Amino acid sequence: KTQEKTIALLLIGELAEKMDELHPRLPGEVGRPSISIKDRLVAMYIYTFNKSSSRRSIPDIKLAMGSKIVTKTPHFNTILGFFKTNYMMKILMQLLEITSLPLIGYEDHLSVDSTGFSCSDFEQWFNIRTLSNEKKRKWMKAHVVSGSKTNIIASVNVTEATLADCPELIPL
């Protein structure tokens, strides 16, 4: 536990460097070079690992910059924007598949399941019983293929909460 954050940061740095080689420039990117895929992935990791606001992630990203893991420190709002792009989601899915490859050989079979989780967004609902509008948290559903022995996640697809599981089996 005492070295978890440091080891994970070095590991994500190496993985992100490989992803940077596979994706040297973002599609449709013109003008001044933007933040590299490696720097984006490391910033996203630090923000997620810290479980706090993006502002509080900046000092850790600056420490990673001092350790030569990243080359730029993005603005704290820019980090949140990284999570919203489809291109970065594809890269995260690719990264998930790459990291699961070493453990796939240990698995006899894979299990498919789904789970719901809430987001920070809210939706309006009309309650028929009380005849009033209510705000409720928006839910998403993660369809996951995981290993039965190692619990490694081999594939994942996040959809709207109301979608059925069966149509998601084929893409997984």
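The shown structure was predicted, so the numbers you read here are calculated from the model rather than taken from an experiment. (Residues numbered from 1 in each chain as written. Predicted model: local features only at pLDDT ≥ 70, side-chain atom pairs only at ≥ 80, totals over all residues. Heavy atoms only, no water.)

What about the nonpolar core?
Right, on to step 1. Formed by 23 residues in total, the largest nonpolar core has its most connected members in Leu 9, Leu 41, Val 42, Ile 46 and Ile 61.
Right, on to step 2. Considering every element that reaches this core, the biggest residue donor is helix α2 (residues 37–50), with 7 residues.
Right, on to step 3. Those residues in contact with Ile 61 that lie beyond four places of it in its chain are Ala 43, Ile 46, Val 70, Lys 72, Thr 73, Pro 74 and Ile 79. (Core = buried A, V, L, I, M, F, W, Y, C linked by side-chain atoms within 4.5 Å. Buried < 20%, exposed > 50% of the residue type's maximum accessible area, 1.4 Å probe, protein only. Helix = DSSP H or I, 4+ residues; strand = E, 2+ residues; numbered from the N terminus. Contact = heavy atoms within 4.5 Å.)

Overview of the pairing of strand β3 (residues 153–160)
Right, on to step 1. Looking at chain direction, strand β2 (residues 132–147) and β3 are connected through 7 bridges and run antiparallel. When the sheet's bridge partners are listed, Val 145 is paired in β3 with Ser 155.
Right, on to step 2. Hairpin connection of β2 to β3: 5 residues between the antiparallel strands, including Asn 151 at a positive phi of 65 degrees. (Pairing = 2+ DSSP bridges.)

Description of the packing of aromatic side chains
Right, on to step 1. Scanning the entire structure with this criterion turns up 2 aromatic pairs.
Right, on to step 2. Between Tyr 45 and Phe 49, the aromatic rings sit 5.5 Å apart at their centres with planes inclined by 40 degrees, giving tilted as the arrangement. Of this pair, Tyr 45 and Phe 49 both sit in helix α2, separated by 4 residues, roughly a single helical turn. (Phe/Tyr/Trp six-rings, centres within 6.5 Å; stacked < 30°, edge-to-face > 60°.)

Quick look at the layout of surface pockets
Right, on to step 1. Roughly 1700 Å³ of volume is contained in the largest pocket.
Right, on to step 2. What lines the largest pocket is a set of 32 residues, and nearest its centre among them are Met 44, Thr 48, Phe 83, Met 89 and Leu 92.
Right, on to step 3. Contributions of two or more residues to the lining of the largest pocket are made by α1 (4–22), α2, α5 (86–104), β1 (110–127), β2 and β3.
Right, on to step 4. Split into classes, the residues belonging to the lining of the largest pocket amount to 23 nonpolar, 6 polar and 3 charged.
Right, on to step 5. Taken together, Lys 5, Thr 6, Leu 9, Leu 10, Tyr 45, Ile 46, Phe 49, Asp 60, Leu 63, Ala 64, Ser 67 and Ile 69 make up the lining of the second largest pocket.
Right, on to step 6. The dominant element in the lining of the second largest pocket, judged by the number of residues it contributes, is α1, at 4 residues.
Right, on to step 7. Its residues assigned to classes, the lining of the second largest pocket comprises 8 nonpolar, 2 polar and 2 charged. (1 Å grid on protein atoms, 1.4 Å probe; cavity = no way out; pocket = protein on both sides within 12 Å on 5 of 7 lines; lining within 4 Å. Points joined across faces, edges and corners; volume = space filled by probe spheres on them. Nonpolar A, V, L, I, M, F, W, Y, C, P; charged D, E, K, R; others polar.)

What about α5?
Right, on to step 1. Its 19 residues give α5 an end-to-end C-alpha distance of 27 Å, which sits within 8% of 27 Å, the value for a rise of 1.5 Å per residue.
Right, on to step 2. Of all the positions in α5, only Met 88, Ile 91, Leu 95 and Ser 100 are classed as buried. Buried residues of α5 fall within an arc of 170 degrees about the axis and therefore sit on the same side. Exposed side of α5, more than 90 degrees from the buried face: Asn 86, Lys 90 and Leu 101 are the residues found there.
Right, on to step 3. Looking at the buried side of α5, the elements it contacts are α1, α2, α4 (76–82) and β3. (Expected span 1.5 Å × (residues − 1). Arc of directions from axis to C-beta.)

Quick look at unusual backbone geometry
Right, on to step 1. Despite not being glycine, Leu 131 has its phi angle at roughly 55 degrees, a positive value.
Right, on to step 2. For Leu 131, the position within the fold is in the loop between β1 and β2.
Right, on to step 3. Residue classification places Leu 131 among the exposed positions, given a relative accessible area of 63%.
Right, on to step 4. A positive phi angle, close to 65 degrees, is found at Asn 151, a residue other than glycine.
Right, on to step 5. Its place among the elements puts Asn 151 in the loop between β2 and β3.
Right, on to step 6. The exposure class of Asn 151 is exposed, given its relative accessible area of 58%.

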